2 protein chains.
Amino acid sequence: MKIITYNVNGLRSALSKGLLDWVREADPDVLCLQEIKAGREPLDVSEFEALGYRAYLHPAHKPGYSGVAIFSKQPPKAVVVGCGTECYDLEGRVLRLDFEDFSVLNTYMPSGTSGDERQAFKLEWLRFFREYVRTLRATLPGLVIGGDFNCCQRDIDLHNAKTNQNSPGFTPAERAWFADFLADGFTDAFRHHHGDASGHYSWWTFRSGARARNVGWRLDHLLVDAGLQPRIKAAGHMTDAVHSDHCPVFVELVI
Amino acid sequence: MKIITYNVNGLRSALSKGLLDWVREADPDVLCLQEIKAGREPLDVSEFEALGYRAYLHPAHKPGYSGVAIFSKQPPKAVVVGCGTECYDLEGRVLRLDFEDFSVLNTYMPSGTSGDERQAFKLEWLRFFREYVRTLRATLPGLVIGGDFNCCQRDIDLHNAKTNQNSPGFTPAERAWFADFLADGFTDAFRHHHGDASGHYSWWTFRSGARARNVGWRLDHLLVDAGLQPRIKAAGHMTDAVHSDHCPVFVELVI
DNA sequence: CCTCATATG
DNA sequence: CATAAGAGG
């Protein structure tokens, strides 16, 4: 069971750069995409379907903004679009597929980089999301959360921790939130598999050749319910895929 | 004395397509540009200056919209920016250089293609402009008007006159205006030199390969005071220049 | 430094 | 079918 999460920075743009060939090659069972940036016209998912995927979309209300999607080879027993809270659902940030033995929750968490107001919104979201997931876990024992968290937790998760102690995505509040979230009973698949390895990032700014110099952040995560931890077979970053300012992140579970 | 008028559809875009090399080659004495689409930052004209031109700009108030410029090898004895009527000058539609024996008035006339309101604005403009030029001629005997008129006059001035009898740029009102304007004492340099030749256009829509099929309109004109008519040595379209959806139009005067 | 929507042509 | 600004990242 290979699950991939990928912030594509515009699905149409990523498709124009060969995303589909990459999907065929990578062959995930479940593919979680963020920032699909769907426009006013519905996205054409027929080429994903031709590869054997069912498509589930949760675009934002605002055209060209945010939005998540899941492509799955197996049909889920349930699809849950959104989280039931309007201010988040208007921004297309949550989509969940429930399978027989596990669930995949795809999320695109707010970025706080555009100003104080959005950073405050992000912090509210983080609080909300932790509670929301706590509730879900009561009835969904095998939860896998994949997405662009727009946060990282430890100094080894970004290139320049010292100068970013108060940058959105690495503020003390966000680091604490991340630790608490994991303590609720989740395993960071990447860390589980790679220990304290540094220099592994999933996002690089487009500016000044940051990706070529590997000046990045690890913002995209696959967190698995601690009960699934023994089933983690592999996890990592797929840095060869270049359709976005993020790279795909994968986990293989024995399910 | 070679005068060229050219709607560049964005000066920065045209420069990125090699406009400057073309200018060096074409070597006009006076170059009238329309739709420079200047942004908030002032345009960098140093490369024109390096070619020996003085630069005169009349950008629109709104960034990225409209705007005209004249580049001249000889220094004018006067520069007149705008026409003194705010609603037109905010859109950067008129710029004039007065030389010893003649004047060059560069104009970008409104397009009416975006709706009735703008077509009405265009018709008001046409009326205003005719009066404005009548006044100018009282004191400027050698007037040359170059620009994108966004109008043509005769069936031979566009590819498909029949189906465009009521299209903006070829409405009865605009055709009549054009005839009246010439009757006031101007010579259309292109027609003077090429008679009733058809199939000579200065604009082609970007859509559906119109330029390759020469499905166009003759919207860009050089009108010279009838008193200068004997001095017209050559006139024509420079269809090899491809930096825009328009092509440059030239006249050579013996002055 | 990117993608996207929108205005305008 | 293009250019360009502007929002958002």
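Residues numbered from 1 in each chain as written. Chains lettered and ligands numbered in written order. Predicted model: local features only at pLDDT ≥ 70, side-chain atom pairs only at ≥ 80, totals over all residues. Heavy atoms only, no water.

**Q** When you look at the overall build of chain A in this model, what are you seeing that I'm missing?
**A** Of regular secondary structure, chain A possesses seven helices and 14 strands. Scaling as 2.2 N^0.38, a compact globule of 255 residues should have a C-alpha radius of gyration of about 18 Å, and chain A matches this with 17 Å. By its C-alpha atoms, chain A is 45 × 40 × 35 Å across when sized along the principal axes. By residue count, 53% of the 255 residues in chain A fall in the buried class. When the accessible surface of chain A is summed, it comes to about 11,100 Å², and 49% of that surface belongs to carbon and sulfur atoms. Within chain A, one finds 28 positive and 32 negative side-chain charges whose respective centroids are separated by 3 Å. (Helix = DSSP H or I, 4+ residues; strand = E, 2+ residues; numbered from the N terminus. Rg over C-alpha atoms; globule rule 2.2 N^0.38 Å. Buried < 20%, exposed > 50% of the residue type's maximum accessible area, 1.4 Å probe, protein only. Areas by Shrake-Rupley, 256 points an atom, 1.4 Å probe, with all protein chains shown as cover. Lys, Arg positive; Asp, Glu negative; His and termini not counted. Charge placed at Lys NZ, Arg CZ, Asp CG, Glu CD.)

**Q** Would you explain the protein's contact with DNA strand D in this entry?
**A** Close to DNA strand D lie 20 residues, the nearest being Tyr65, Ser111 and Ser114 of chain A together with Arg12 and Arg40 of chain B. Atoms of DNA strand D within 4 Å of the protein belong to the sugar or the phosphate in 89% of instances, the rest to bases. Here serine 111 of chain A contributes a side-chain N or O atom positioned 2.7 Å from a sugar or linking oxygen of DNA strand D. Per-class residue counts for the surface near DNA strand D are four nonpolar, nine polar and seven charged. (Near = heavy atom within 4 Å. Polar contact = N/O pair within 3.5 Å; in protein donor to acceptor, adjacent residues only side chain to side chain. Nonpolar A, V, L, I, M, F, W, Y, C, P; charged D, E, K, R; others polar.)

**Q** What's the story with the UniProt feature "domain: Endonuclease/exonuclease/phosphatase" (unreviewed entry) in chain A in this structure? I'm lost.
**A** Mapped onto this numbering, the UniProt entry annotates "domain: Endonuclease/exonuclease/phosphatase" (unreviewed entry) at residues 4-231 of chain A. For the annotated span residues 4-231 of chain A, helix accounts for 29% and strand for 23% of the residues, and the straight-line distance between the end C-alpha atoms is 16 Å. (UniProt positions renumbered as here; feature names shortened; annotations may be inferred.)

**Q** Is there a simple way to explain the packing of helix H5 (residues 116-139) of chain B against helix H6 (residues 172-183) of chain B in this structure?
**A** Geometry of a packed helix pair, given as the angle between the helix axes and the separation of the axes. All names here are of chain B. Contact geometry for H5 and H6: axes closest at 11 Å, N-to-C directions at 10°. Relative to H6, the element H5 is oriented roughly parallel. Here H5 contributes Gln119, Lys122, Leu123, Leu126, Arg127, Phe129, Arg130 and Val133 to the contact with H6, which in turn contributes Ala173, Glu174, Trp177, Asp180 and Phe181. Looking at the contact of H5 with H6, its residues break down into seven nonpolar, one polar and five charged. (Axes fitted to C-alpha atoms, helices over the stretch in contact; angles between N-to-C directions. Parallel < 35°, antiparallel > 145°, perpendicular 65-115°, else oblique. Contact = heavy atoms within 4.5 Å.)

**Q** Sorry, what's going on with the sheet that holds strand S7 (residues 103-108) of chain A here?
**A** The strands making up a sheet are joined through hydrogen bonds of the backbone, oriented either antiparallel or parallel. All names here are of chain A. Taken in spatial order, the six strands make up an open sheet running S5-S6-S7-S8-S12-S9, and their pairing is mixed. Taken across any chain shown, the strands that pair with only one partner, and hence form the sheet edges, are strand S5 (78-81) and strand S9 (186-188). Neighbour-to-neighbour, the strand axes of the sheet open up by a mean angle of 15°, direction not taken into account. Sheet analysis places S7 next to strand S8 (residues 143-148), joined by six bridges and oriented parallel. Looking across to S8, one finds that leucine 105 is bridged to isoleucine 145. (Pairing = 2+ DSSP bridges.)

**Q** Honestly, the layout of surface pockets in this entry has me stumped. Any pointers?
**A** If a probe the size of a water molecule is rolled over the atoms, the empty space left behind becomes visible. In this structure, the largest pocket spans a volume of roughly 800 Å³. Elements represented by at least two residues in the lining of the largest pocket include exactly H5 and strand S11 (216-217) of chain B. Each residue belonging to the lining of the largest pocket can be placed in one class, and the counts come to nine nonpolar, 16 polar and eight charged. Considering only enclosed or pocket space, the second largest pocket measures out at about 530 Å³ in volume. Taken together, 26 residues form the lining of the second largest pocket, with Tyr108, Ser111, Thr113, Asn150 and Trp203 of chain A sitting closest to its centre. Classifying every residue of the lining of the second largest pocket by side-chain character gives eight nonpolar, 11 polar and seven charged. (1 Å grid on protein atoms, 1.4 Å probe; cavity = no way out; pocket = protein on both sides within 12 Å on 5 of 7 lines; lining within 4 Å. Points joined across faces, edges and corners; volume = space filled by probe spheres on them.)

**Q** Any chance you could explain the pairing of S8 of chain A here in plain terms?
**A** The side chains of a regular strand alternate, first on one face of the sheet and then on the other. Residues and elements named next belong to chain A. The buried count for S8 comes to six of six residues, which makes it a mostly enclosed element. Residue alternation in S8 divides its side chains into two sets, Leu143, Ile145 and Gly147 and Val144, Gly146 and Asp148, and both sets are buried. Both S8 and strand S12 (residues 220-225) contribute to a ladder of five bridges, which runs antiparallel. Residue glycine 147 lies in a different strand from S12, and its bridge partner there is histidine 221.

**Q** Explanation requested: the protein's contact with DNA strand C in the structure shown.
**A** Taken together, 22 residues form the shell around DNA strand C, and within it Gly39, Arg40 and Phe206 of chain A together with Tyr65 and Ser114 of chain B come nearest. Sugar plus phosphate, as a fraction of atoms of DNA strand C within 4 Å of the protein: 90%. With respect to DNA strand C, the side chain of arginine 12 of chain A contributes an N or O atom lying 3.1 Å from a phosphate oxygen. One of the side-chain nitrogen or oxygen atoms of arginine 40 of chain A is found 2.6 Å away from a phosphate oxygen of DNA strand C. Residues of the surface near DNA strand C, tallied by class, amount to five nonpolar, eight polar and nine charged.

**Q** Teacher, can you tell me more about the environment of glycine 64 of chain B here?
**A** All names here are of chain B. Inspection of the secondary structure puts glycine 64 in the loop between strand S3 (54-58) and strand S4 (68-72). Along the backbone, glycine 64 and arginine 40 are 24 residues apart, and their C-alpha atoms lie at a distance of 7.8 Å. For glycine 64, the contacting residues outside a window of four places in its chain are Lys37, Ala38 and Gly39.

**Q** Mind showing me how you'd approach the environment of valine 224 of chain B here?
**A** Residues and elements named next belong to chain B. When you line up the elements, valine 224 lands in strand S12 (residues 220-225). Expressed as a C-alpha distance, the spacing of valine 224 and valine 104, which sit 120 residues apart in the sequence, is 9.2 Å. With near-sequence residues (within four places) excluded, valine 224 lies in contact with Leu143, Val144, Gly185, Phe186, Thr187, Gln229, Ile232 and Leu253.

**Q** Can you help me understand the side chain of lysine 122 of chain A in this one?
**A** Residues and elements named next belong to chain A. The topology assignment puts lysine 122 in helix H5 (residues 116-139). You can call lysine 122 buried: its relative accessible area is 1%. When sequence neighbours within four positions are dropped, the list of residues in contact with lysine 122 reads Pro110, Ser111, Gly112, Phe149, Asn150, Cys151, Pro168, Gly169 and Glu174.

**Q** Honestly, helix H2 (residues 19-26) of chain B in this entry has me stumped. Any pointers?
**A** It helps to recall that an α-helix has 3.6 residues per turn; residues three or four apart then point in one direction. All names here are of chain B. By the burial criterion, the buried members of H2 are Leu19, Leu20, Trp22, Val23 and Ala26. Down the axis, H2 shows its buried residues gathered within 160° of arc, on one side only. Along H2, exposed side chains directed more than 90 degrees from the buried face belong to Asp21 and Glu25. Those residues of H2 hidden inside the fold are in contact with strand S1 (2-7), helix H1 (11-16), strand S2 (30-34) and helix H3 (46-50). (Arc of directions from axis to C-beta.)

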